[in-house]
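Per-entry structural report
If you want the building blocks of each chain, they are given just below.
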Amino acid sequence: MYLTTDKKKEFFAKHGKSETDTGSAEAQVALFSFRIAHLTEHLKKNHKDHNTERSLIKLVGKRRAILNYLKTKDIERYRSIVKELGLRK
């Protein structure tokens, strides 16, 4: 599997407060971004995989919702995570 427990802990340690901090917005956005990149690469090879395409669209919507929440709550945290992950907005 492409996303192991160790990989998740690495994301949470880097972007969250600790390895077990799975609920912070930054950690969730980082994890969603990794999954979005993986699904995008999969869809480049398998363009007829509509179930994965739907999953990708849902993930992008979830990430956008968390980013919108973060933007209204704390603009500095929003700017730092967008800059760190290289997202457009």
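The rules we used
- Residues numbered from 1 in each chain as written.
- Predicted model: local features only at pLDDT ≥ 70, side-chain atom pairs only at ≥ 80, totals over all residues.
- Heavy atoms only, no water.
- Phe/Tyr/Trp six-rings, centres within 6.5 Å; stacked < 30°, edge-to-face > 60°.
- Helix = DSSP H or I, 4+ residues; strand = E, 2+ residues; numbered from the N terminus.
- Buried < 20%, exposed > 50% of the residue type's maximum accessible area, 1.4 Å probe, protein only.

This next bit is on the packing of aromatic side chains. Summed over all chains, the structure comprises 2 aromatic pairs. For the pair phenylalanine 11 and phenylalanine 34, a centre-to-centre distance of 5.1 Å together with 50° between the ring planes defines the contact as tilted. Remark: phenylalanine 34 occurs in helix H2 (residues 25-45) and phenylalanine 11 occurs in helix H1 (residues 5-15); sequence separation between them is 23 residues. Accessibility expressed as a relative area gives 23% for phenylalanine 34, which makes it partly exposed. Ring-pair connections join several aromatic residues into one group, and the members of that group are Tyr2, Phe11 and Phe34.

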